[in-house]
Amino acid sequence: MTRARPMLLTAALAALLAGGAIAAAASPADTIAARQANFKKMGGAMKALKEELAGGADKAKLLAAARTLAATAKLQGGLFPAGTGPSSGVKTDALPAIWAQKPAFDAAAAKLVTEADKLAGIAGSGNAAAVLAQFKAVGGACAACHKQFRAED
Amino acid sequence: MSTGEETVKVWDPFVRVFHWSLITLFGIAWWSGENQDMERHRQAGYAIFALVVFRLFWGFAGSRTARFAQFLKGPGGVMAYLRTHDGETPSDGHNPLGGWSVAVLLAVILTITLAGLFAVDVDGIESGPLADWVSFDSGRVAAEWHETVFKAALAVIGLHILAIGYYQVLNAHDLIGPMITGKRSRGKGETTVDVKWSPVMALAGIAGVGALTWAVMTGFRFG
C-alpha cells in the first residue's frame, strides 16, 4: 500500500502530461476547424428553430434544437486561444479584434450562452410567442458578435 | 444616316419593360442586400425571378427580336458579324455579339436568383423561401454562390455598358433610345418591318409566371 501512492501520483502526473500534450497538439487548424464545425451546428439549430417557429412549432423539435444550441454555445468561448486568428495562416473569418478586445469578445460569447440557456429553458413550454421572442434575442447575440468580430462575407 | 422621319419598331413593350425594371430591381436588391434589409431584398428577388422567367418564356413566345432563335447565332455568325459590321448598318434587334451578351446576362441573373432562393445567412436566421428544403450547410453554399455570381454579374453588366457606350459614342449608333421608345430610324433602303407580339401569349406568360412566383414565395408549401 505504501508504494501505491507514488504510483498513483505518477499515473496522475502522466495523465496530466498526456492531457497537456493533447491540448498542446491541437494545432490552430484543428481548433479553427472545431469551432467552425460548432458554428455550423449552431447555425443548423437556428435554422431548425426558425422553421419550426414558422410552421409546426413542434415542442420536441424546438427543445432539441435549443438544447443543441445551448450546449454548443458553451464550448465556443474556449475555442479562441491566442494564435488562432488570421495570422495563423489558416483561413478564418475570426477578426484580430477578438484578441485585441478579449474582454468584449468574452462578454459577447457569455451573452450568447445566457440567451441560449434561456431559450433552452422555455423551448419546450409550448408558448410560441415567448420562444419566438427568445429566438430573436439569441439571433441578436449572434449578429452583434459577428458584426464586431467576424469578417464580412 | 436616315433623316429619322421613317422609323421601325424593333423592341416590343415587354422587352423594354423587362430591361428597365430589371435594372431598377437589381439596384434595389443590391442596396438592400448591402444594408441587411432582407425583407426588401427578398421582395426584389421575387420580382427579378418573375421578370427573368417571363423573359425566358418570351424568348420562345415573344416578338421576332425577343426570340432566342433570332438572336443567338453560332460562332460562324458571330465571326462574320465581327468581320463585316461597319457600326452603322443596324441589326434587326440584338446583333450576333450582343445576343450572347443577353444570354450571359440572363444566365448569371437567373443563377443568382435561384441560389438566393436556397440561401441561408451565417446565423441561420435570414433565408430564401426554399431554404427549408435544404440543410444549413447547403444553404450556406447557396449563399456563397449567390455572392460569387453576383460579382460575376457586375463584371458582365460592366461589359454590357461598355459595349453600348462603344456603339453610342464611337459609332453614333443610338441603342438606348430604341430600348426606351421601341423605335429606331430605318437605314437607307432598309425594309425591316415592325415587330409584332401576341397578347394571348403575353397573358399566358404573365399568368404562368405569376403562379410560379407565388408558389416560390410560399416555399411550395400550400395550405
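Residues numbered from 1 in each chain as written. Chains lettered and ligands numbered in written order. Predicted model: local features only at pLDDT ≥ 70, side-chain atom pairs only at ≥ 80, totals over all residues.

Details of the overall build of chain B
Scanning chain B from N- to C-terminus turns up eight helices and two strands. For chain B, the sequential pattern of α-helices and β-strands runs β-α-α-α-α-α-α-α-β-α. Referenced to the eigenvectors of the C-alpha coordinate spread, the extents of chain B come out at roughly 60 × 35 × 30 Å. Residues classed as buried in chain B amount to 29% of the 223 residues present. Within chain B, contacts between residues at least 6 apart in sequence are counted, and of these 66% link residues at least 24 apart. (Helix = DSSP H or I, 4+ residues; strand = E, 2+ residues; numbered from the N terminus. Buried ≥ 20, exposed ≤ 12 C-beta atoms within 10 Å, placed from the backbone. Contact = placed C-beta atoms within 7 Å.)

Looking at the interface of chain B and chain A
At the interface, 12 residues of chain B touch 12 residues of chain A. When the residues that make up the side of chain B that touches chain A are grouped by side-chain class, the tally is four nonpolar, four polar and four charged. (Nonpolar A, V, L, I, M, F, W, Y, C, P; charged D, E, K, R; others polar.)

A word on the packing of helix H2 (residues 28-54) of chain A against helix H6 (residues 136-170) of chain B
Where H2(A) meets H6(B), the axes come as close as 9 Å, and the angle between the chain directions of the two elements is 100 degrees. With respect to each other, H2(A) and H6(B) are oriented roughly perpendicular. The residues of H6(B) that touch H2(A), namely those facing Lys40(A), Gly43(A), Gly44(A) and Lys47(A), are Phe136(B), Asp137(B) and Gly139(B). Broken down by class, the residue content of the contact of H2(A) with H6(B) amounts to one nonpolar, three polar and three charged. (Axes fitted to C-alpha atoms, helices over the stretch in contact; angles between N-to-C directions. Parallel < 35°, antiparallel > 145°, perpendicular 65-115°, else oblique.)

Quick look at the nonpolar core
If you look at the biggest cluster of nonpolar residues, it comprises 32 residues, and the most contacted ones within it are Ile48(B), Leu51(B), Ala115(B), Phe118(B) and Ala119(B). Sorting the residues of this core by element identifies helix H1 (13-34), helix H2 (38-61), helix H5 (96-118), H6 and helix H8 (199-217) of chain B as the ones contributing at least two each. In terms of residue count, the dominant contributor to this core is H2(B) (eight residues). Look past the residues within four positions of Ala119(B) in its chain and what remains in contact with it is Ser127(B), Gly128(B), Ala131(B), Gly139(B), Ala142(B), Ala143(B) and His146(B). Within the second largest apolar cluster, 31 residues are counted, among which are Ala70(A), Ile98(A), Ala109(A) and Ala123(A). (Core = buried A, V, L, I, M, F, W, Y, C linked by C-beta atoms within 7 Å.)

Examining the environment of Ala155(B)
Residues and elements named next belong to chain B. Mapped onto the elements of the fold, Ala155 is located in helix H6. Using a count of 10 C-beta atoms within 10 Å as the deciding quantity, one classes Ala155 as exposed. Put simply, Ala155 and Phe57 are 98 residues apart on the chain and 25 Å apart in space, counted from C-alpha to C-alpha.

Here we look at helix H5 (residues 102-122) of chain A
Residues and elements named next belong to chain A. Across its 21 residues, H5 extends 31 Å between first and last C-alpha, which sits within 8% of the 30 Å expected from 1.5 Å per residue. Listed as buried for H5 are Phe105, Ala108, Ala109, Leu112, Glu115, Ala116, Leu119 and Ala120. Burial along H5 is one-sided: seen end-on, the buried residues are contained in an arc of 140 degrees. In H5, the exposed positions that point more than 90 degrees away from the buried face belong to Pro103 and Ala107. Along its buried surface, H5 packs onto helix H3 (59-76), helix H4 (97-100) and helix H6 (128-149). (Expected span 1.5 Å × (residues − 1). Arc of directions from axis to C-beta.)

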